[in-house]
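# A structural walkthrough
Take a look at the letters that make up each chain.
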Amino acid sequence: RRRFLARNLNEMNRNSREKVFKIKLNQDHGCFICCTEEGVRIFNIEPLAEKCHLDISSYGSITHAEMLFRTNLLAIVGGGLRPRFSENVILILDDSTKQFVLQYTFQMPVLGVQLRKDKLVAILQKEIHVFSFPNDSKKLITMETRDNPKGICEVSQSVAVDKQFLVLPGHKIGSLQFVDLSTSETSMSKAPITVSAHQSEISCIALNQDASMVASASEKGTLIRVWDTLKKVLLAELRRGSDTANLYCINFSRDSEFLCCASDKGTVHVFAVRDLQLNKRSALSKIGLNTAGGYIDSQWALATFTVPPESACVCTFVSKNTVAAICMDGTYHKYVFSASGNCNRESFDIYLDLCEDDDF
């Protein structure tokens, strides 16, 4: 009876919390921003604490929000049930003054926003627009893309000239396209380079911190492939599983030693990227049996842990061997893993129940 009452109480608390529509990490993965039915909330990841709250009464419902590292600048896009701003407009809010300082208007709804310290990228279903940002903001590049209803696109944060690029789904199914951002004029932009990454549609892309590697997965969700961004060669092929899954995210550790991913199977997988020998392999591969087109010899996750299976989540590295999973049901999970594959939960919290902390 006690267990039954506790379970019902937890379920009531979950149902009474505001609904989260989207979670997005900032550029250095030190914070996350979430759009909820009551507004936009920003949290520090480690230690976990709320840092900012944009109430729906002042800003309406927001469908997309993007931080610029830990600066006061936030990009927001209206939409949802009670919008105050149009879904085809990106507004730049200075949180220190609560004033809008820039506005970008498009003919179609905005499906995503990417920021770096010198550029803003607006992702539409069949177009991408790149602007100088935030000073002397003007359009630099406009390009047509493959139909991109999920707004999939990643922008490098590197200051190195040869690593300033966009990565997005290419025009050919399953391909990755690299677009040079180092030139300031559309006419001077180099021709995009493509890599045939998968056989089905791209569903997830991630860049590491120095933009030397990119990881990708397709709608099938069984394999993650890691590529060298300069040489455009395959570095690793990592197997999430054998059955189809929807990947919510892929992220590298800060030192690019490891990679984590989360899917609708309710499992977070951690892979070694530098030292591939740490990854697990099928026991059948040890006896030389490999008749399944490479399946038996696949590299499986070094470590795994589970989160509520019915809730989407974003996972990221808190430290070299610690992974946090931020779930859409308002829960926060932190696990520590070892080189041998052991994985233990270090902490659990409900971030939606936290109150704002002014020390940012």
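Residues numbered from 1 in each chain as written. Predicted model: local features only at pLDDT ≥ 70, side-chain atom pairs only at ≥ 80, totals over all residues. Heavy atoms only, no water.

Let us look at the overall build of the chain. Helix and strand content of the chain: two helices and 29 strands. Split into buried and exposed, the 360 residues of the chain put 53% on the buried side. Taking the intrachain contacts of the chain between residues at least 6 apart in sequence as the baseline, contacts between residues at least 24 apart amount to 42%. Of the accessible surface of the chain, which amounts to about 16900 Å², a share of 49% is contributed by carbon and sulfur atoms. (Helix = DSSP H or I, 4+ residues; strand = E, 2+ residues; numbered from the N terminus. Buried < 20%, exposed > 50% of the residue type's maximum accessible area, 1.4 Å probe, protein only. Contact = heavy atoms within 4.5 Å. Areas by Shrake-Rupley, 256 points an atom, 1.4 Å probe, with all protein chains shown as cover.)

Moving on, we come to the sheet that holds strand 11 (residues 127-132). The strand order across the open sheet formed by four strands is 9-10-11-12, and the pairing between neighbours is antiparallel. Of all the strands in the sheet, just strand 9 (112-116) and strand 12 (139-144) have a single pairing partner and so form its edges. Averaged over all pairs of adjacent strands, the angle between their axes in this sheet comes to 15°, without regard to strand direction. (Pairing = 2+ DSSP bridges. Axes fitted to C-alpha atoms, helices over the stretch in contact; angles between N-to-C directions.)

In this structure, K150 sits in the loop between strand 12 and strand 13 (154-155). A residue is classified by how much of its surface remains accessible, and K150, at 51% relative accessible area, is exposed. Counting along the chain gives 25 residues from K150 to Q125, while the straight-line C-alpha distance between them is 7.7 Å. Look past the residues within four positions of K150 in its chain and what remains in contact with it is L111, S203 and N246.

F32, V268, V323 and Y351 are the most contacted members of the largest nonpolar core, which has 34 residues in total. Broken down by secondary-structure element, the contributors of at least two residues to this core are strand 1 (20-25), strand 2 (31-36), strand 22 (258-263), strand 23 (267-272), strand 25 (303-306), strand 26 (313-319), strand 27 (322-327) and strand 28 (331-337). (Core = buried A, V, L, I, M, F, W, Y, C linked by side-chain atoms within 4.5 Å.)

Counting buried positions along strand 10 (residues 119-123) yields five of five residues, so the element is predominantly enclosed. Burial along strand 10 is two-sided: K119, V121 and I123 and L120 and A122, pointing in opposite directions, are all buried. Here five bridges tie strand 9 to strand 10, and the two strands are oriented antiparallel to one another. Residue pairing for strand 10: Q114 is matched across the bridge by V121. Counted between consecutive antiparallel strands, the loop separating strand 9 from strand 10 contains two residues. Connecting strand 10 to the antiparallel partner strand 11 that follows it, the hairpin turn spans three residues.

Among the secondary structure elements, K119 is positioned in strand 10. At a separation of 3.5 Å, a polar atom in the side chain of K119 contacts the main-chain carbonyl oxygen of L181. Sequence-distant contacts of K119, defined by excluding residues within four places in its chain, comprise Q114, V130, F131, S132, F133, L140, Q164 and L181. (Polar contact = N/O pair within 3.5 Å; in protein donor to acceptor, adjacent residues only side chain to side chain.)

Applying the stated criterion to the full structure yields 11 aromatic pairs. Judged by centre distance (5.0 Å) and plane angle (15°), the rings of F32 and F43 are stacked. On the criterion of sequence distance, the pair formed by F32 in strand 2 and F43 in strand 3 (residues 39-44) is long-range, its members being 11 residues apart. Note on F43: relative accessible area 0%, which makes it buried. When the ring of F317 is compared with that of F337, the centres are 6.4 Å apart and the planes differ by 70°; the resulting orientation is edge-to-face. (Phe/Tyr/Trp six-rings, centres within 6.5 Å; stacked < 30°, edge-to-face > 60°.)

Enumeration over the complete set of coordinates arrives at zero disulfides. In this structure C204 is a free cysteine whose sulfur lies 6.4 Å from that of C249, the closest cysteine sulfur available. (Disulfide = S-S within 2.5 Å.)

Glancing now at the pattern of salt bridges. This model, assessed by the stated rule, comprises 13 salt bridges. The partner of D243 in a salt bridge is R240, with the nearest N and O atoms 3.4 Å apart. Its relative accessible area of 5% is what places R240 among the buried residues. Put simply, K334 and E346 hold a salt bridge, and the shortest N to O gap is 3.3 Å. Of this pair, K334 sits in strand 28 while E346 sits in strand 29 (residues 343-350); the two residues are 12 residues apart in sequence, bridging distant segments of the chain. When its relative accessible area of 47% is taken as the criterion, E346 is described as partly exposed. Look at the salt bridges and you will find they share partners, linking E18, R41 and E50 into a network. (Salt bridge = Lys/Arg side-chain N within 4 Å of Asp/Glu carboxyl O.)

This next bit is on the sheet that holds strand 7 (residues 89-94). Read from one edge to the other, the open sheet built from four strands follows the order 5-6-7-8, with strand pairing classed as antiparallel. Each having just a single partner strand, strand 5 (60-67) and strand 8 (99-105) make up the two edges of the open sheet. Across the sheet, the mean angle separating the axes of adjacent strands is 35° when strand polarity is ignored. As judged from the five bridges shared by strand 6 (residues 73-83) and strand 7, these two strands associate in the antiparallel manner. Looking at the pairing, L74 lines up with L93 of strand 7.

Here the chain shows a mean pLDDT of 90. Residues at 70 or above account for 88%. In the model, residues 1-13 has pLDDT below 50 throughout and makes zero contacts with residues more than four positions away in sequence or in other chains. (pLDDT = per-residue confidence, 0-100.)

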